[in-house]
Protein chains: 2
Amino acid sequence: MTTLSRVRRRLLTVGPASRPRSLAFISSGMIAVQRGCLCMGIARSSNSVTLVDVAREAGVSLKTASRVLNREVSVSSSTLEKVQRAMAHLGYRPNELARGLKARKSATIGMVVKNLADPFAFNAVKAVQEVARVNGYIVILASSGWDPDVERSEVESLIRHQIEGLIISPVGSPKSNFLDIIPPDFHVVTLDQPMRKASFDSVMIDNRRSVRNAVQHLLEHGYERILALSTRPWLHTSVERIAGYRDAMRKAGLESRIALVEHESSITREWLDEVVLKQHKADAVITMNWVCTIAALRGLKHNDKRLRKDVAFVSFDDFDLADMIHPTVSAVRQPTEEFGYEAARLLIQRLKGTGPKTQQSIVLPTRFIARESCGCKPLNEDDARSPAKRVGLIAKRQ
Amino acid sequence: MTTLSRVRRRLLTVGPASRPRSLAFISSGMIAVQRGCLCMGIARSSNSVTLVDVAREAGVSLKTASRVLNREVSVSSSTLEKVQRAMAHLGYRPNELARGLKARKSATIGMVVKNLADPFAFNAVKAVQEVARVNGYIVILASSGWDPDVERSEVESLIRHQIEGLIISPVGSPKSNFLDIIPPDFHVVTLDQPMRKASFDSVMIDNRRSVRNAVQHLLEHGYERILALSTRPWLHTSVERIAGYRDAMRKAGLESRIALVEHESSITREWLDEVVLKQHKADAVITMNWVCTIAALRGLKHNDKRLRKDVAFVSFDDFDLADMIHPTVSAVRQPTEEFGYEAARLLIQRLKGTGPKTQQSIVLPTRFIARESCGCKPLNEDDARSPAKRVGLIAKRQ
DNA sequence: CTGAAAGCGCTAACAG
DNA sequence: CTGTTAGCGCTTTCAG
């Protein structure tokens, strides 16, 4: 019998503090079987072995048991062993919630993303979870679904659950606002987007430069009627990326052609036909994000437009199987897992009090993956492979 | 001044219990400003407004404030309003951890997946999180990375954090074992795979039948040297799927051709060339899971093998852009979001005590999406679209 | 090196 | 309808 029930132990080892309470306790919904070998707790059934029980079993005080639990040094090896044996024997499981209540730490970090189905999000989440685990933290995951109200209430919920820090990829809409519910010196790391009017740590890329470089690449191939395609143009990332596009076009003395839609559902075959092909007579298209890419790719295909032959194509955001589409799709690759990795590292540094006290802004490098759709012949097969090859991999560091 | 600090309130309203402790408290790292309008908590800075504070501010007892917090009915509208105003004024934030300690519920469910980068996993997680949110639960996410030991320790960690229920897609390896650390009447729902020697609720598909149907489809196209390709053949899902393959082949009086590898990294171009093409002279390939598909697709492409022309192809697991590869890839589609949705529904029903008491096993339907790689002309464009179109969508029900 | 006592922020039992 | 009292399971002073 490894897991003696609470009642059993209470009955058997009344101990020094057998106050009236014991009786009241027993009468309130427990069954005590006399035979002494089988006891069932009905009320608080599962796993109610507490540190008190451990201490009693080991014949030490509660505090001593607590010391063992917390690996404090000042415990003689004999008591240490006694307590550990008691823990094992009883099948003791510390209650992290109770632990956190007094100690004011929950060993929990919160993470909020916009859409888990976006490769950016799940790769980041994956890395965050991995780093958190190694450092003894768990992560509560929430998803805003691009809704500022949901975002706000999710953050609120996380705070109520006493997260020690927050990693968030903010919706970033003008209406998005949760700064007022963040406690003053709370640790927050933003991903992908910065927060207006806030000075949180952040992990981002140089959106503007990344797009500028990509557009320059298209220009070098001789395309001139390059069209930038973006959803949610009010997003900080969109704004920056479009600025990068403009930079490159302006420098080349060419007219900017920009097609913006609020939501990817607007990017239909007909719309592409009308706007991209008829209106702008684009000879190349560069998308500003993943959903855009998927929508445009699908729409163009159904238009019987062949990538590169009729219109060159560059995607912002690389994706699985970009190297399997014909022609293979050139893309700006963000280091999605690194995002999560760095964010978690920043946050945990803060929580542990190691690392710098000043605001940290990490800017991660992107890479232009030249495949065929931009007009190139891919040179390095490894580079050209889509992110799929990294499935299951997390950069191991630290 | 909406957020008065704890010290301030302690100093101003000493109340009945002004024990020596108060002094010690103040001396240990707080700054009290005399002017009476500005106070800063240094020690326990953020958000330490408690229900006691609210009660005091509202001039009611702790319990009454608690009643308001819990929306209990027996509160007069005048006190209700008083308390609510006090809460708003103080910027009160309930501590869910403390709440859970006494009430023995954490409003938290745990979820463990094998690999978050797998479309199956993130779609399921997404749905679980959504359903949990709507029902007032938060979800702690963990990932086993296919490692039984990690899986076990993650489950252990979740239990320590007092999750009320667990949704897990088990590693399912022979060494995988965490049953002994699950408390007796704990609520668990398994996803994708069942647990040996356990009678948890589960959400699965009919793997055997799904594959049998797909193979039969290939047979109807006249292929005879159909090869089944699988990783991790010891997995329950793999076993079932391979059984389905055998069923169909046997029924057709054809020889089964099965190529198994432990890990997808074995599926190289050379390996495919040797095993699939030279050794088996396969005229069709059916993969048994997503990683297999990606690896095989990539390997075949680099072999200058054209899908359908040289070898037909069916993928178990549909994927984004399956309709963008040339030829488009036929696939067995699992309802990935439904998995999560149903699992969460089952679990929350259990937690709330609604719904049946007996073990529930939900078997979700799959669909064969006939595109071109199996030899078909796709009929319905909508069906043929890859799952990408569903980005951002969650089935709203209940 | 060890223990007793006092809570963390909240809910629950039981009176009024 | 409201308040009092006793904890949830743990950590934390502060004494030995």
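Residues numbered from 1 in each chain as written. Chains lettered and ligands numbered in written order. Predicted model: local features only at pLDDT ≥ 70, side-chain atom pairs only at ≥ 80, totals over all residues. Heavy atoms only, no water.

Remarks on the pairing of strand S2 (residues 138-143) of chain B
Stage number 1. Taking burial as the measure, the six residues of S2(B) include six buried ones, the bulk of the element.
Stage number 2. Across the two faces of S2(B) the burial is the same, with Ile138(B), Ile140(B) and Ala142(B) and Val139(B), Leu141(B) and Ser143(B) all buried.
Stage number 3. Taken together, the three bridges between strand S2 (residues 138-143) of chain A and S2(B) define a ladder with antiparallel strand orientation. Bridge pairing in S2(B) links Ile140(A) to Ile140(B).
Stage number 4. Bridge count for strand S1 (residues 108-113) of chain B against S2(B) is six bridges, and the pairing is parallel. Residue Met111(B) lies in a different strand from S2(B), and its bridge partner there is Leu141(B).
Stage number 5. Crossover connection from S1(B) via helix H7 (residues 119-134) of chain B to parallel S2(B): handedness right-handed. (Buried < 20%, exposed > 50% of the residue type's maximum accessible area, 1.4 Å probe, protein only. Helix = DSSP H or I, 4+ residues; strand = E, 2+ residues; numbered from the N terminus. Pairing = 2+ DSSP bridges. Right-handed = clockwise from strand over helix to strand, strands pointing away.)

Comments concerning the packing of helix H3 (residues 51-58) of chain A against helix H4 (residues 62-69) of chain A
Residue and element names in this part refer to chain A.
Stage number 1. Where H3 meets H4, the axes come as close as 8 Å, and the angle between the chain directions of the two elements is 105°. Classified by the interaxial angle, the pair formed by H3 and H4 is roughly perpendicular. Contact with H3, carried on its side by Leu51, Val52, Val54 and Ala55, involves Leu62, Ala65, Ser66 and Leu69 of H4 and no other residues of that element. (Axes fitted to C-alpha atoms, helices over the stretch in contact; angles between N-to-C directions. Parallel < 35°, antiparallel > 145°, perpendicular 65-115°, else oblique. Contact = heavy atoms within 4.5 Å.)

Section: the interface of chain B and chain A
Stage number 1. Contacts between the two partners involve 65 residues from chain B and, on the opposite side, 65 residues from chain A.
Stage number 2. When chain B packs against chain A, close to 6000 Å² is buried across both sides, 61% of that on carbon and sulfur atoms.
Stage number 3. It is Leu97(B), Arg298(B) and Met324(B) that lose the most area in chain B upon contact with chain A, and together they represent 13% of the buried surface on that side.
Stage number 4. Counting every contact that joins chain B to chain A gives six salt bridges.
Stage number 5. Residues Asp323(B) and Arg298(A) are paired through a salt bridge, measuring 2.7 Å at the closest nitrogen-oxygen approach.
Stage number 6. On the surface where chain B and chain A come into contact, there are 16 residue pairs in polar contact (both at pLDDT 80 or more).
Stage number 7. The greatest single-element share of the side of chain B that touches chain A, amounting to seven residues, is contributed by helix H12 (residues 290-302) of chain B.
Stage number 8. Split into classes, the residues belonging to the side of chain B that touches chain A amount to 30 nonpolar, 17 polar and 18 charged. (Buried area = accessible area lost by both parts, 1.4 Å probe. Salt bridge = Lys/Arg side-chain N within 4 Å of Asp/Glu carboxyl O. Polar contact = N/O pair within 3.5 Å; in protein donor to acceptor, adjacent residues only side chain to side chain. Nonpolar A, V, L, I, M, F, W, Y, C, P; charged D, E, K, R; others polar.)

Details of the relation of the copies chain B and chain A
Stage number 1. Once chain B has been moved 0.0 Å along the axis and rotated by 180°, it coincides with chain A to within an RMSD of 0.1 Å. The relationship between the two copies is best expressed as a two-fold rotation axis.
Stage number 2. Both copies contact each other with a shared surface, as 100% of the interface residues of chain B are interface residues in chain A too. (Least-squares fit on C-alpha atoms with pLDDT ≥ 70 in both.)

Remarks on the packing of helix H9 (residues 207-220) of chain B against helix H10 (residues 236-251) of chain B
Residues and elements named next belong to chain B.
Stage number 1. Relative orientation of the contacting elements H9 and H10 amounts to 40°, with a least axis distance of 7 Å. Between H9 and H10, the crossing angle belongs to the class labelled oblique. The two elements H9 and H10 cross, and the hand of that crossing is right-handed. Between H9 and H10, the residues in contact are Asn207, Arg208, Val211, Arg212, Val215, Gln216 and Leu219 and Thr237, Glu240, Arg241, Ala243, Gly244, Tyr245, Asp247, Ala248, Met249 and Lys251, respectively. (Left-handed = near helix turned anticlockwise from the far one by under 90°.)

Brief notes about the nonpolar core
Stage number 1. In terms of nonpolar packing, the biggest core is built from 106 residues, with Ile286(A) and Ile286(B) touching the most fellow members.
Stage number 2. Excluding residues within four positions of it along the chain, Ile286(B) makes contact with Val211(B), Ala214(B), Val215(B), Leu218(B), Ile226(B), Leu227(B), Ala228(B), Leu229(B), Tyr245(B) and Val314(B).
Stage number 3. Judged by nonpolar contacts, the second largest core, of 34 residues, contains Val112(A), Ile140(A), Ile159(A) and Ile182(A). (Core = buried A, V, L, I, M, F, W, Y, C linked by side-chain atoms within 4.5 Å.)

Describing the domain arrangement of chain A
Residues and elements named next belong to chain A.
Stage number 1. The domains assigned to chain A are domain 1 (51-94), domain 2 (104-205 + 338-364) and domain 3 (207-334 + 367-379).
Stage number 2. The gap between the C-alpha centroids of domain 2 and domain 3 is 30 Å.
Stage number 3. On the side of domain 3, ten residues touch domain 2, which itself brings 14 residues to the contact.
Stage number 4. Taken over both partners, the interface formed by domain 2 and domain 3 buries close to 1100 Å², and the fraction arising from carbon and sulfur atoms is 62%.
Stage number 5. If you sort the residues of domain 2 by the area they bury against domain 3, Trp146, Gln193 and Ile205 come out on top, with a joint share of 46%. (Domains from an automatic or database assignment.)

As for H12(B)
Residue and element names in this part refer to chain B.
Stage number 1. With 13 residues, H12 extends 19 Å between its outermost C-alpha atoms, agreeing within 8% with the 18 Å of an ideal straight helix rising 1.5 Å per residue.
Stage number 2. Taken across its 13 residues, H12 has eleven buried, putting it largely inside the fold.
Stage number 3. Within H12 the residues assigned to the buried category are Trp290, Val291, Cys292, Thr293, Ile294, Ala295, Ala296, Leu297, Arg298, Gly299 and Leu300.
Stage number 4. Residues of H12 that are buried in the fold lie against H7, strand S6 (226-231), helix H11 (269-279), strand S8 (284-287) and strand S9 (312-316).
Stage number 5. Where H12 begins, the side chain of asparagine 289 points an oxygen toward the backbone nitrogen of valine 291, at a separation of 3.3 Å.
Stage number 6. In the segment just after H12, aspartate 304 is the residue with positive phi, at about 60°. (Expected span 1.5 Å × (residues − 1).)

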